[in-house]
Amino acid sequence: MSEGSYQRLWDSSHVTLQELLDQEQPMLQPVPNREWQSFQYRLSSLYLYYLGLLRGFDILYDQMVQPQKRRLLRRLLDSVAGRVLELKDEMVRVDMCEWHCLDHVLRDLGLTPADLEVPIPKYFLLEQSSILQERELMLAEILSRMEPVAFQEVEPAMSRTEAIILLQTAERARQGRLRATFIREIRREEERDRKMRESGWHKLNPNQAAVTIQKVWKGYLQRKHTQYDRQTEMEFIGMIPLPDTVEHASVANLRKDFRRSCQIEKEEEFQMAIAKTHDALRETEGPDIKEKMKDQIRQWFIECHALTGRFPNYPDESLGGSNQIFSDKTPEQVKMELENPVQESTKKEDKNKEKEKEKKKAKEDKSKKGEADTMLKALPSKFIPLINAGHEEYKNVWKNRPDHLYPDQSFDPKALRAEKRKELEQEIRKQVDELMRQELKNLRLAVDREEERPFKAPKKAGKKKKKEKDLTPNRSLASLFEELVVFGLLKKCKAVLLKDFVGDYLYLGSTLSLAHKLPMPSLFDVRQNMALYGVLRLGSPDIHSMAPLIRSILLVGPSGVGKKMLVNAVCTETGANLFDLSPANLQGKYPGKAGVQMLVHIVFKVARLLQPSVIWIGNAEKNFYKKVPKEEKEMDPKRIKKDLTKALRLLNPGDRVMLIGTTNQPQLAEMKGLRRTYERILFMPRPDYASRYVLWKHMLHMERIHVTQTHLDISALARVSDGYTPGHILQAIRLVLTERRLLQLSRRPLLASEFLAHLAKLEPVYREEEASLKDWYFKTPLGMKKIEFNKDLEAEEARLAKEKKKRK
C-alpha cells in the first residue's frame, strides 16, 4: 500500500468512528429488562464495528511514517482497544456468559467470522524487542551456568590388528553390496529381454514403433494438461493457495520492514527537532510569556482587592496553581472556590443527601405502583473522552491538510511549535507561581499588614490502601531473577502464536439460543476470549491502567485441549515472563510458612518489575482440594493458597501481572476458593465437527501435506475423531507421518484409514467426563445466573402463550 492508500484508510476509519460516537450516547439511556435482546444486539454491533476500527488503526500505526500522525494513531489505537474491552464486559454482564452467539449479527451486518478475530497490535512486541532480547540473553546465561558439564568417557585405544580387521570388514561389505546391485541389474535386463521376446516386440517395424512411442508421449502430455487444469481450477475457486502467495508475502514483508526503518529515521529527526524547537521558544517567546502571566496575575490581585477589600489566597499547586486564574472565571468565582472549600464540600454533602432522599422516594413510589421492572443501560466509558479528543484533533489538524506540503513524510514544524508552546507555558507557569506567591505575601504585608493565611485543601474521602511490606529490600533485581531461574520458578515459554490455536466458529449458536439450549463455546470463542482477557490487557500499560481490571483467569477443560498452549501464546504475543507456581513444581522449595511468604513475595515483586508477566498454575484444583489425597500430602499443595490470594488483591490497574490457572478436574476443589482467586473462568470443551475439520486440515498442512492434492477424506476423519482433543489428533498425525512414510507419498498416497489404528490406541474424552465438567461450570456464579435467566425466559414465554390462548 502507498502513503495515499493509508491516508484514505485513515479518513474512512474516522468516518466510521464518527458514526460510532453518535451511537454511544443512546446506549447510556436505560432500557427495560424485557428488551435485553435489542440492547444486546446494539452492544454486539458496536463491538464488531470497534473491532474493525482496531484492525484499521493497527495497520495505520504500524505502517504510517509521519511521526506526529503516529502519536495520534497510538492514542486512538489504545483507546479503541480499551473500548473493545469495555464492550466485552458489558456483553458478559447482559448475556451472563463468557461466550456470545453473534452469527445473526454478522449476517445482518454483512460480515464474516473472520471479522470477529481480535487483532493483536504489532507494537506490543516491536517496541520492546531490545528489552526481550536482553532478557533472553540473561536467562540463557543463567541456564548455561546451571547445566552440568558432561562427563566425557575416554574409549580404550584400539590395537593395530583390530583396526585392520575393522577396515577389511567394512570394505568387504561395500564390495558385496556393489556386486549384489550389479547382479540385480543384469537379472532385470534378462527378464526384460525375455518378456519382449514372448510378446513379440522385437518384430515391430519402424512405423509401429513410432506409433507406440507417440501413444505413450501423448498420454503423458494429456495427463500433464489435465493436472494443470485441475490445479488452476482449484486455485481459482480458492481451494488451494496460489503458488505466488509466498513470493508476494515476502515482497510485502520487505516493504513493511522498509517503512518501519523509515519510521525510525523520521522519529530520530523529530526528537532532534523537539529539542531545538523547545530551546528556540524558550529564548524567543519565554520572557514575553512570563511577563504576560505576571501582568494577568497582578491584575487579578487588584480586581479581587477592589471587590473584597483584601487580597485572595493564591491557588495551591495541587489544584492547578494559576491555571484557575487563566480559566474563564471571574475573580469572585475564583475567590469563592479558594476561600470556602469547606462550604463547597458541605453543599455537595447536602446535595448528595437530597439526591438520596429523592431516590428513596422514587423507590417507594415504584414499589407502591408495582413497577419492579429492572433497567438495562451501558456503564459510562473511560475511553470515549479519549477517543473524542483524538477524533477532534484529527478533524482540526489533519483532516484537510494537503499531503503535498510534506511529501517525504517529515514532521510539521507549525504543529510542533504549537504543541511545544503549550508545554513551555506550563513550565513557565510553575516558575511564575513561585514568584507571584512571594509577591502576594509582600503585598499583604505592605498594604493590609496581614501575614499569609495558610491554605487548607479539602480532605479527600476514602480509605487508605495498605502497602505491601518489602521482604527483600537489600536484594537486587538481578539476584532475585537468578534465584527464581535456579529454582525453576521462572521459565522460558515456548514460542507459540495465538493464531496457532486453531478452531472454527459456532455457526448455529443463535439458533440454539432461540430454542433455549445452552450452546457450548467453540475453540474460536476460547481463542477470542484469551486475546481479550490476556493479550490486549498485558500488551499495553495505557490499556491496562484504564480497562476493566482482570487479575486472574482459570482455564477448565479436559487434558489435551490446549490449555498450556494458550498460556504460552499469551506470553509469546505480549513478551511476558512465565512464572510456574504449579504444586508439583513447588515441592521441596521454600519450606515453612515464612518460606511460602518469601516465595510469593519474590515472584510478585519480580513480576511487577519485569512486567508484563504471567503466573501459571497447572492443576490449579490442587491448591483448593476438598480433601488432599494421601499420596500428595507430602507435596502440601494447599500451602500457597492464602498468600496467593493476598498478593492478587494488591495488584492495581497498571500492574501488568496476570494469574492463569489450568485444570481438568475442578470438581475436586472447593468452589469458594476458586471463585475468590480466579475472576474469570473459561470452559474449554471438546472440539466440535467444524473445529476438528479445521484442525485436521491445519495440522496436515503443517506437515507439508496438501489435502487437495491427495485422496484423503478430511470430512471422514473429522467425524471419526469425535471425542478426541487437538492433542490426540496431533499425536496420531505424528505417529503416521514418519520420515519413511513421507518419502513414500509419491508412490503410495495417504489414506484416512492409516490414522484410525493410532486413534484407537488413544483414550478419548468420553461424554460422561465432559458432562461432569459442564455440570461443574454451571455451578459457578456466572453459570448459575445464565441457567436462572433461561428459566425466567421460558416461564415468561409460557405465560405469554397462555394469555394468547385465553384471548382466542
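Residues numbered from 1 in each chain as written. Predicted model: local features only at pLDDT ≥ 70, side-chain atom pairs only at ≥ 80, totals over all residues. Heavy atoms only, no water.

The next thing to look at is a nonpolar patch on the surface. Taken together, the side chains of L143, M146, V486 and F487 define a hydrophobic patch exposed on the protein surface, amounting to about 310 Å² of accessible area. Counting through the fold element by element, V486 comes out in helix 16 (residues 477-486). Judged by its relative accessible area of 45%, V486 is partly exposed. (Patch = residues over 30% accessible without salt bridge, like charges linked within 9 Å, V, L, I, M, F, W, Y side chains within 5 Å. Areas by Shrake-Rupley, 256 points an atom, 1.4 Å probe, with all protein chains shown as cover. Salt bridge = Lys/Arg side-chain N within 4 Å of Asp/Glu carboxyl O. Helix = DSSP H or I, 4+ residues; strand = E, 2+ residues; numbered from the N terminus. Buried < 20%, exposed > 50% of the residue type's maximum accessible area, 1.4 Å probe, protein only.)

What follows deals with the confidence of the model for the chain. For the chain, per-residue confidence averages 81 on the pLDDT scale, and residues scoring 70 or more make up 85% of the total. Overall, residues 149-153 carries pLDDT values under 50, and its contacts beyond four positions in sequence, including any with other chains, amount to 0 contacts. Low pLDDT, under 50, characterises residues 341-345; the predicted model gives this stretch 4 contacts beyond four residues in sequence or across chains. (pLDDT = per-residue confidence, 0-100. Contact = heavy atoms within 4.5 Å.)

Moving on: the nonpolar core. Grouped together as the largest cluster of nonpolar side chains are 103 residues, with contacts concentrated most on W10, Y47, Y50, F57, V614, L700 and F755. Ranked by the residues each element gives to this core, the list is headed by helix 2 (residues 36-63), at 13 residues. Here Y50 is in contact with L17, L20, L21, E24, V80, R83, V84, L87, I384 and I387, once residues within four sequence places are set aside. Grouped together as the second largest cluster of nonpolar side chains are 46 residues, W99, V485, L489 and M520 included. (Core = buried A, V, L, I, M, F, W, Y, C linked by side-chain atoms within 4.5 Å.)

Going residue by residue along strand 5 (residues 577-580), you find N577 and F579 tucked away on one face and L578 and D580 tucked away on the opposite face as well. For strand 3 (residues 490-491) and strand 5, the ladder comprises 2 bridges, and the chain directions are antiparallel. Its bridge partner being in strand 5, K491 is matched across the sheet by L578. For strand 5 and strand 6 (residues 613-618), the ladder comprises 4 bridges, and the chain directions are parallel. When the sheet's bridge partners are listed, D580 is paired in strand 6 with W616. (Pairing = 2+ DSSP bridges.)

Moving on to the pairing of strand 7 (residues 657-663). Burial within strand 7 is extensive, with 7 of its 7 residues counted as buried. Of the two faces of strand 7, the one holding V657, L659, G661 and T663 and the one holding M658, I660 and T662 are both buried throughout. Where strand 4 (residues 552-556) lies against strand 7, 5 bridges are found, and the strand directions are parallel. Among the inter-strand pairings, L554 is bridged to a residue of strand 7, identified as G661. Here strand 6 pairs with strand 7 via 6 bridges, running parallel. Looking at strand 7, one finds that V614 is bridged to M658. In terms of handedness, the path from strand 6 via helix 23 (residues 641-649) over to strand 7 forms a crossover that is right-handed. (Right-handed = clockwise from strand over helix to strand, strands pointing away.)

Okay, the sheet that holds strand 3 next. Within the open sheet, the 6 strands sit side by side as 3-5-6-7-4-8. Their pairing is mixed. A single partner strand is all that each edge strand has here, and the edge strands are strand 3 and strand 8 (680-683). Of the strands in this sheet, strand 4, strand 5, strand 6 and strand 7 touch helix 20 (residues 563-574), which is tilted by about 170° from strand 6. (Axes fitted to C-alpha atoms, helices over the stretch in contact; angles between N-to-C directions.)

On to the environment of P32. Following the sequence through the fold, P32 ends up in strand 1 (residues 31-32). Given the relative accessible area of 18%, P32 is considered buried. Placed 345 residues apart in sequence, P32 and K377 show a C-alpha to C-alpha distance of 8.9 Å.

Take the pattern of salt bridges next. Per the stated rule, a full pass over the model turns up 33 salt bridges. The salt bridge partner of K491 is D580, with a shortest N-O separation of 2.9 Å. Linking K491 in strand 3 with D580 in strand 5, this pair joins segments that are 89 residues apart in sequence. Since its relative accessible area comes to 37%, K491 is described here as partly exposed. Taking relative accessible area as the criterion, D580 reaches 4% and is therefore assigned buried. Of the charged contacts in the structure, one is a salt bridge between D655 and R608, with a shortest N-O distance of 3.7 Å.

In this section: the packing of helix 2 against helix 3 (residues 67-95). For the pair helix 2 and helix 3, interaxial distance at closest approach is 9 Å and the crossing angle is 155°. Here helix 2 lies roughly antiparallel to helix 3, going by the angle between them. Here the hand of the crossing between helix 2 and helix 3 comes out left-handed. Of the residues that constitute the contact of helix 2 with helix 3, the class distribution is 21 nonpolar, 2 polar and 7 charged. (Parallel < 35°, antiparallel > 145°, perpendicular 65-115°, else oblique. Left-handed = near helix turned anticlockwise from the far one by under 90°. Nonpolar A, V, L, I, M, F, W, Y, C, P; charged D, E, K, R; others polar.)

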